[in-house]
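Spelled out from the first residue to the last, the chains are:
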Number of protein chains: 4
Amino acid sequence: MTNTTGKIFKVTTFGSSHGKALGAIIDGCPANLELSKEDIQKELDKRRPGTSAVTTSRSEKDEVKILSGIFEGKTDGTPITGVVYNKNQHSKDYSSLKNTPRPSHGDFGWISKYGNYDYNGGGRESGRATIGHVIGGAIAKKLLETQNIKIISHVVQIGNIKAEDINLKNIEKYPVRCGDLNKAKEMEELILTKKEEGDSVGGIVETIALNVPAGLGEPVFSKLDGDLAKALMEINAVKGVEIGLGFDVANKTASEINDEYYIEDEIIKTKTNNSGGIVGGISNGQPIISKIAVKPTPSISKCQNTINLETKENTKIEIEGRHDPCICPRICSVAESSTAIILAEHMIRSGFIHPNKIIC
Amino acid sequence: MTNTTGKIFKVTTFGSSHGKALGAIIDGCPANLELSKEDIQKELDKRRPGTSAVTTSRSEKDEVKILSGIFEGKTDGTPITGVVYNKNQHSKDYSSLKNTPRPSHGDFGWISKYGNYDYNGGGRESGRATIGHVIGGAIAKKLLETQNIKIISHVVQIGNIKAEDINLKNIEKYPVRCGDLNKAKEMEELILTKKEEGDSVGGIVETIALNVPAGLGEPVFSKLDGDLAKALMEINAVKGVEIGLGFDVANKTASEINDEYYIEDEIIKTKTNNSGGIVGGISNGQPIISKIAVKPTPSISKCQNTINLETKENTKIEIEGRHDPCICPRICSVAESSTAIILAEHMIRSGFIHPNKIIC
Amino acid sequence: MTNTTGKIFKVTTFGSSHGKALGAIIDGCPANLELSKEDIQKELDKRRPGTSAVTTSRSEKDEVKILSGIFEGKTDGTPITGVVYNKNQHSKDYSSLKNTPRPSHGDFGWISKYGNYDYNGGGRESGRATIGHVIGGAIAKKLLETQNIKIISHVVQIGNIKAEDINLKNIEKYPVRCGDLNKAKEMEELILTKKEEGDSVGGIVETIALNVPAGLGEPVFSKLDGDLAKALMEINAVKGVEIGLGFDVANKTASEINDEYYIEDEIIKTKTNNSGGIVGGISNGQPIISKIAVKPTPSISKCQNTINLETKENTKIEIEGRHDPCICPRICSVAESSTAIILAEHMIRSGFIHPNKIIC
Amino acid sequence: MTNTTGKIFKVTTFGSSHGKALGAIIDGCPANLELSKEDIQKELDKRRPGTSAVTTSRSEKDEVKILSGIFEGKTDGTPITGVVYNKNQHSKDYSSLKNTPRPSHGDFGWISKYGNYDYNGGGRESGRATIGHVIGGAIAKKLLETQNIKIISHVVQIGNIKAEDINLKNIEKYPVRCGDLNKAKEMEELILTKKEEGDSVGGIVETIALNVPAGLGEPVFSKLDGDLAKALMEINAVKGVEIGLGFDVANKTASEINDEYYIEDEIIKTKTNNSGGIVGGISNGQPIISKIAVKPTPSISKCQNTINLETKENTKIEIEGRHDPCICPRICSVAESSTAIILAEHMIRSGFIHPNKIIC
């Protein structure tokens, strides 16, 4: 516990890497939203592995089935259940991992906390658990589209290579999902080098939400930036979150970075968007911009020191398997999903979307 | 809404900068915890302004009164209400701020959302609202002390001056709360320079929590790092949160930063703590380390462009008043409080502290 | 914990019978609602004791102070804090009650659970704790009035005397708050007889909510009748809750009690209202009618058997003090309040009232 | 929304009568609880219809599949997903019900609220939705068994026939689940008579929970009786809830019904249990006893008046299908489940069961 996010638009995810199935229940989606299996499948396809050399070579189809919540092509106000059944989940013997926690991997904490740890493929600590996020995010996106809100995540840094000349239209062109095509090439090469070395590399992913109205987020303990920071930090491998300028505010003065207001054609705008669209925890109508720091995938084949929990002795580990040498490209769909889920929640909570039914 | 944080150890704060009172109700603190007014007052004293040249010269005493929840010197399981009554709250005319939103200040979002905005001293958007955080944090700290957990926040950067040779024992020596005494001097000078220019400057604050057991935090949507990120991002002026290495993970490889395990005297440790004490959302028994990016206080006396919401015309604003030229030193007590509240919640939730009464 | 009700319109109450103060924080009330101290005071005056022979002769003024949440006569979206400071709270020595739990009183459970029990005047188990309910209820009522919703509670039975010929306009005429004036007289006599005997008597209170729209309440685990049942059962002394026919459905057939629909002047109505305005957990537009069974006040001066928790021996107790010989008349204002709080929550949750601000 | 109950032991149910599947996710069950498919199936078998003449003749097998949450025969701290796939769900044409709401049935409220109503077999308003309750309840019972807590529901009244000489060992002997065998016979006859008349009849079900420790339930807004009242009232067809004496307290005096304490063999007991095991919202260690009033199934074949929502004209309806002539016998397993879910929640919340793992 607890595998639920949201108070009104609630997403509960379930399932482990090698269990029977993974999925999500979405409760609180207004009725009368047109929704099909394909709306969800297309988002899952962005997340799934095995589609390029820069991700893991494991190939998983990840086909979603909808078990409830849709009537005559539209949501009907009941919980929407989306399930991906695992195929061939017992392909390998993971039992060597049972007692030797992987450095910087979640298994040690899990064992400390629960005692009973499903070590197959990382159990629920696996990145595969984000299938549930993407199912929830796909529905959130569909709901946000009724208000013209769009969300895009893209890679802005891999290792020491930083995107500079970004064109968002280019992010689908290379599997690294970077809008600076020259840098995208370099990033790809870096990832492949690290992959060959049995190592992995980190990076930074930016998420932009367009057309979000002013007034989302509540003061003090349910601020929009607080909820986004939580949702993004809870994606596996994320170690930092920034809104707007982020850590660059540290060596700036207010006169350098304050976003001044002006009116143009009766619309209130800001000259700059250093705040990333959120001030005092409430959206101000500008694009909402966040960045996340993504650590290198901890499961690597290089030899590492660890311990044996049973014998209580120091030992070594070489983690087999086809792990992502850089998780940034695939994390984009999860960052979009987590952002969409938070925005859907706040759009309903702030009265922009009716809580029970879509009203046109 | 919503001014409550926590599910079990719940803190609800209330009050506006110039209203009758500010305070907090803490519900879910186990009974039989020794607690006095002084335990809370000493934390409020760290937060209160007017104590040095680097903070605002406004002087507020901020004396707490306890209205409920203590019986014979101990908590009794009922909600603890702590109140700070405002003195002389109508000292100044703020009405010029009614219709001219301050750049990068929360007032515009508030007006968009609620319509009725208490513009006196920033209303509930004021930093004064963190009095409630500190009351809640003081009680959380007292509770955590029963488990030997300690929390310390200190300044590690102001503007472009970064602390290098940090000794935590020194942080009380200068009002900037920096443990590198040479840099502390420089930071103080920088702040005073900006103050004279009618400007303000940002910085970075680090928070360390010691003796937190392994096993706090729940997978997926209630991870310890997620809850901390939310709590810290929701402090006014914070634009970024890092756990452990934070954004430095981006250009590292796993073999460089993975925290390897070893056993010494039957205790499991990690050789490094790049994870900042949290992996996979669960604490691993190492110190929990976070950093926050604090923006320069947006209320400055330099002339800025803005709009008049009534006339819908562009205009200019010079914000009077005695604002903090750098909020980092005072934000430390809030960062400690927010961290303590989250840890108290998770210590109960994970069974380390009994939910109803202190058991010795 | 937990002293909060509601997810959107949230009421948190605090305070003990003889502590410094009792009160409530209301978080989630939309901004721009006209609200004065008098709106709350008039409801507290209905609840307060000492106003007639049928209630306790203790006289408490119960004057409310508003500490936050109102700006220029209207709510401003921030938490509204209402406080009643206790006067002369240390009038009596209750220490004899410390170790001898009163039969059918909450003190034994409290001691079992928390260890530290404020035995003065019943501590937080006292009926005085409902001051918080009434403060929350007064604000909920004011909010519901914007939608023309009215709530009335009245006494329909005391002991074996049942009201038959009820006129709701008469309920204020006698202190027993019964609309059948002949029976009201009899009820009053019965109460005074029991008072003289050092005993107390139970009764039944009915609550009617008018003009509630169809569509409130959510299927399965947040049904309107479920939330009402919880709110009403949580009033001290309540041992049963009915909606509509209640327990009378047991010996009826569907053909006798089904509420048939018809259309008149384009409005959908039901011929009968045996359902009490709620079917399948959702309101159907008819008046919402509940009944609660109120037990005789357990604190009586007659000699009773009990135990001494310290010596672990059987003993006897004669409870001194001026207790209500029948709590039904005073419970009416609490039943109205609890009902109003639930309806306010659901009116916002179902989109009938904007969550952030009153829109005319 | 909202289809979740519980804060720590959380049960989320999904699915409609004729959809692809129904089920539940249980989040917050401690790890290391032995749990098999059979533990759940045996409870579903008690609920399922078609097993006797007194229930509907529809026959549904209701086989559960577990999709997640069990590892090596024990819970592993992750969400447990139980699913019952529907067979032959499109057996009949229900479209005549699309626009003619059934008297005292939930469909009218649903249509008012959500617009899009799955009219097939009652959609999510169907009693079939309680499959989710029973899956959750089965797991709760298994958890409570580790603390020796047992829960039994039985029929005490059908129509005007009241059980008198009850022996709980007999409740499985007749399908009506009444422990007074003479009355059980009479009840059965009454139900069959009503069935032949195309009508249905109501009744009363009592639930007893044994071995619940003192100290469960929290004062004010999370009382044990409040949570039970909500859970029981939210079972379809329930119109009243009593704890202990219930409505019989109305014409009693305190001296008649107060539960006096005594000590025997160092154990504190009460001479009577008129409180039904809960006083002041907290359990006192005595058996917890509740009663629910169950209305006659509203779907009957007798001709009834209703309206056509499309034409907005008055019309008549004769509801076809094989409905339960009395739902009391089958509701027993749901009442047990709802009670178990609430007790599991409070046992964890009050520290009697560790929140993360079973500790022996």
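Whatever comes next refers back to the structure up there.
Predicted model, so just to flag it, every value in this text is computed and none were measured. (Residues numbered from 1 in each chain as written. Chains lettered and ligands numbered in written order. Predicted model: local features only at pLDDT ≥ 70, side-chain atom pairs only at ≥ 80, totals over all residues. Heavy atoms only, no water.)

**Q** Describe the overall build of chain A, and please don't skip the residues or the numbers.
**A** In terms of regular secondary structure, chain A is built from seven helices and 18 strands. Here the C-alpha atoms of chain A give a radius of gyration of 21 Å, agreeing with the 21 Å that 2.2 N^0.38 yields for 360 residues. Taken along its principal axes, the extent of the C-alpha atoms in chain A is 70 × 50 × 40 Å. For chain A, the residues scored as buried account for 67% of the 360 residues in total. Counting only contacts in chain A whose residues sit at least 6 apart along the sequence, the fraction spanning at least 24 positions is 68%. (Helix = DSSP H or I, 4+ residues; strand = E, 2+ residues; numbered from the N terminus. Rg over C-alpha atoms; globule rule 2.2 N^0.38 Å. Buried < 20%, exposed > 50% of the residue type's maximum accessible area, 1.4 Å probe, protein only. Contact = heavy atoms within 4.5 Å.)

**Q** Describe the relation of the copies chain B and chain C, listing the residues and the values that go with them.
**A** The second copy of the chain is related to the first by a rotation about an axis and a shift along the axis. Expressed as a screw operation, the relation of chain B to chain C combines 0.0 Å of axial shift with a rotation of 180°, fitting to an RMSD of 0.0 Å. The two molecules are tied by a two-fold rotation axis, judged by turn and shift. Here 100% of the interface residues in chain B have copies in chain C that are interface residues too; the copies meet face to matching face. (Least-squares fit on C-alpha atoms with pLDDT ≥ 70 in both.)

**Q** Please provide a residue-by-residue account of the sheet that holds strand β4 (residues 64–68) of chain C, values included.
**A** Strand pairing in a sheet is mediated by backbone hydrogen bonds. Such pairs are either parallel or antiparallel. Residues and elements named next belong to chain C. The five strands are arranged β1-β2-β3-β7-β4 in an open sheet whose pairing can be described as antiparallel. Of all the strands in the sheet, just β1 (4–5) and β4 have a single pairing partner and so form its edges. Helix α1 (residues 37–47) rests against β4 and β7 (80–85) of the sheet, and its axis sits at about 140° to β4. The sheet contacts of helix α3 (residues 131–145) involve β2 (10–15), β3 (21–27), β4 and β7, and relative to β3 the element is tilted by about 35°. (Pairing = 2+ DSSP bridges. Axes fitted to C-alpha atoms, helices over the stretch in contact; angles between N-to-C directions.)

**Q** For the nonpolar core, give the residues involved together with the corresponding values.
**A** F9 of chain A, F9 of chain B, F9 of chain C together with F9 of chain D are the most contacted members of the largest nonpolar core, which has 286 residues in total. Non-local contacts of F9 of chain B, meaning those with residues more than four positions away in its chain, are made with I26, D27, G28, C29, G136, I139, A140, L143, I341, A344, E345 and I348 of chain B. (Core = buried A, V, L, I, M, F, W, Y, C linked by side-chain atoms within 4.5 Å.)

**Q** Tell me about the pattern of salt bridges, and please be specific about residues and values.
**A** Oppositely charged side chains may form a pair once their charged atoms are brought near each other. All names here are of chain A. Applying the stated criterion across every chain yields a total of 76 salt bridges over all chains. Across the salt bridge formed by E43 and K141, the nearest N and O atoms sit 2.7 Å from each other. Taken together, the residues E43 in helix α1 (residues 37–47) and K141 in helix α3 (residues 130–145) connect sequence positions 98 residues apart. Grouping residues by exposure puts E43 and K141 together as buried. (Salt bridge = Lys/Arg side-chain N within 4 Å of Asp/Glu carboxyl O.)

**Q** An account of the relation of the copies chain C and chain D is requested, with residue identities and associated values reported.
**A** Least-squares fitting of chain C to chain D yields an RMSD of 0.0 Å, with the superposition described by an axial translation of 0.0 Å and a rotation of 180°. Taken as a fraction of all interface residues of chain C, those also at the interface in chain D reach 100%, which identifies the copy contact as same-surface.

**Q** Summarise the interface of chain B and chain C; cite the residues concerned and give the values.
**A** Every contact between the two is made by 47 residues of chain B and, on the other side, 47 residues of chain C. Across the interface of chain B and chain C, roughly 3,700 Å² is buried in total on both sides, 55% from carbon and sulfur atoms. In this assembly, chain B and chain C are joined by zero salt bridges. Mapped onto the side of chain B that touches chain C, the elements with two or more residues apiece are β2 (10–14), β3 (21–27), β4 (64–68), β6 (74–75), β7 (80–85) and α2 (107–114) of chain B. Along the lines of polarity and charge, the residues of the side of chain B that touches chain C split into 17 nonpolar, 19 polar and 11 charged. (Buried area = accessible area lost by both parts, 1.4 Å probe. Nonpolar A, V, L, I, M, F, W, Y, C, P; charged D, E, K, R; others polar.)

**Q** Tell me about the interface of chain C and chain D, residues and numbers included.
**A** The interface is formed by 104 residues belonging to chain C together with 104 residues belonging to chain D. Broken down residue by residue, the surface that chain C buries against chain D is led by F221, K239 and Y261 of chain C, which jointly contribute 11%. For the pair chain C and chain D, the interface holds two salt bridges. Here K230 of chain C and D227 of chain D are joined by a salt bridge, their closest N and O atoms 2.5 Å apart. Summed over the shared surface of chain C and chain D, the number is 49 residue pairs in polar contact (both at pLDDT 80 or more). Within the side of chain C that touches chain D, the residues separate by chemical class into 40 nonpolar, 39 polar and 25 charged. Relative to strand β11 (residues 238–243) of chain D, strand β11 (residues 238–243) of chain C runs antiparallel, the two sharing three bridges. Directly across from E242 of chain C, in β11 of chain D, lies its bridge partner G240 of chain D. (Polar contact = N/O pair within 3.5 Å; in protein donor to acceptor, adjacent residues only side chain to side chain.)

**Q** So what about the packing of aromatic side chains? Which residues, and what values?
**A** Within this structure, the stated rule accounts for 14 aromatic pairs over all chains. With a centroid separation of 4.9 Å and 50° between ring planes, the pair formed by W110 of chain B and Y114 of chain B is classed as tilted. Note that W110 of chain B and Y114 of chain B are positioned in helix α2 at a spacing of four residues, about one turn of the helix. In this pair, the class of W110 of chain B matches that of Y114 of chain B, namely buried. Aromatic side chains Y261 of chain C and F108 of chain D sit 5.2 Å apart centroid to centroid with 50° between the ring planes, which places their arrangement in the tilted category. Note that Y261 of chain C is positioned in strand β12 (residues 261–264) and F108 of chain D in helix α2 (residues 107–114), a pairing that runs across two chains. As far as burial versus exposure is concerned, Y261 of chain C and F108 of chain D are alike and both buried. Note that K113 of chain A overlies the ring of Y114 of chain A, its terminal NZ or CZ placed 5.8 Å from the centroid. (Phe/Tyr/Trp six-rings, centres within 6.5 Å; stacked < 30°, edge-to-face > 60°. Lys NZ or Arg CZ within 6 Å of the ring centre and 35° of its normal.)

**Q** Kindly report on the sheet that holds strand β2 (residues 10–14) of chain D, identifying the contributing residues and their values.
**A** All names here are of chain D. Taken together, the five strands give an open sheet; going across it, the order is β1-β2-β3-β7-β4, and neighbouring strands pair in antiparallel fashion. Of all strands in the sheet, those with a lone pairing partner are β1 (4–5) and β4 (64–68), marking the two edges. Summarising the sheet, β1 and β2 pair through two bridges and their orientation is antiparallel. Looking at the pairing, T5 lines up with V11 of β2. Against the sheet, helix α1 (residues 37–47) makes contact with β4 and β7 (80–85), and its axis sits at roughly 140° relative to β4, the strand it touches most.

**Q** Talk me through unusual backbone geometry; I want residue IDs and the actual numbers.
**A** Residues and elements named next belong to chain A. The backbone of D62 shows a phi angle near 55°, a positive value even though the residue is not glycine. Looking at the secondary structure, you find D62 in the loop between α1 and β4 (64–68). For D62, a relative accessible area of 4% puts it in the buried group. The phi torsion at N211 lies on the positive side, around 70°, for a residue other than glycine. For N211, the location among the structural elements is in the loop between β10 (203–210) and α5 (224–233).

**Q** Describe the environment of V294 of chain A, listing the residues and the values that go with them.
**A** With respect to the helices and strands, V294 of chain A occurs in strand β16 (residues 288–294). You can call V294 of chain A buried: its relative accessible area is 0%. Between the C-alpha atom of V294 of chain A and that of I327 of chain A, which follows or precedes it by 33 residues, the distance is 7.7 Å. Aside from chain neighbours lying at most four places away, what touches V294 of chain A is G202, G203, V205, A237, I327, C328 and I331 of chain A together with V249 and A250 of chain B.

**Q** Please set out the pairing of strand β13 (residues 267–270) of chain D residue by residue, giving values where relevant.
**A** Both strand β12 (residues 261–264) of chain D and β13 of chain D contribute to a ladder of four bridges, which runs antiparallel. Looking across to β13 of chain D, one finds that I263 of chain D is bridged to I268 of chain D.

**Q** Give a description of the side chain of N258 of chain D that names residues and reports values.
**A** Examined against the element boundaries, N258 of chain D turns out to sit in the loop between α6 (254–257) and β12. At 2.8 Å, the side chain of N258 of chain D and the side chain of Q304 of chain C are in polar contact. Those residues in contact with N258 of chain D, other than ones at most four positions away along the chain, are P103, S104, P298, I300 and Q304 of chain C together with T272 of chain D.

**Q** Could you give an account of the environment of A24 of chain B, with specific residues and numbers?
**A** Positionally, A24 of chain B belongs in strand β3. Remark: the alpha-carbon pair of A24 of chain B and G77 of chain B, spanning 53 residues in sequence, is separated by 16 Å.

**Q** Lay out helix α2 (residues 107–114) of chain C in plain terms, naming residues and giving numbers.
**A** For α2 of chain C, the buried fraction is high: six of the eight residues fall into the buried class. All buried positions along α2 of chain C are accounted for by D107, F108, G109, W110, K113 and Y114 of chain C. On its buried side, α2 of chain C packs onto β12, β13 and β15 (282–283) of chain D. Backbone geometry just downstream of α2 of chain C places G115 of chain C in the positive-phi region, at approximately 80°.

**Q** Give me the pairing of strand β3 (residues 21–27) of chain A: which residues, what numbers.
**A** Two faces, one strand: in a regular strand the side chains alternate between the faces of the sheet. Residues and elements named next belong to chain A. In terms of burial, β3 is a largely internal element, seven of the seven residues being buried. Of the two faces of β3, both are covered, the one formed by A21, G23, I25 and D27 as well as the one formed by L22, A24 and I26. With six bridges connecting them, strand β2 (residues 10–15) and β3 associate as antiparallel partners. Opposite V11, over in β3, you have I26 as the bridge partner. Joining the antiparallel neighbours β2 and β3 is a turn of five residues. Both β3 and strand β7 (residues 80–85) contribute to a ladder of six bridges, which runs antiparallel. Across the sheet, the residue bridging to A24 is G82, located in β7.

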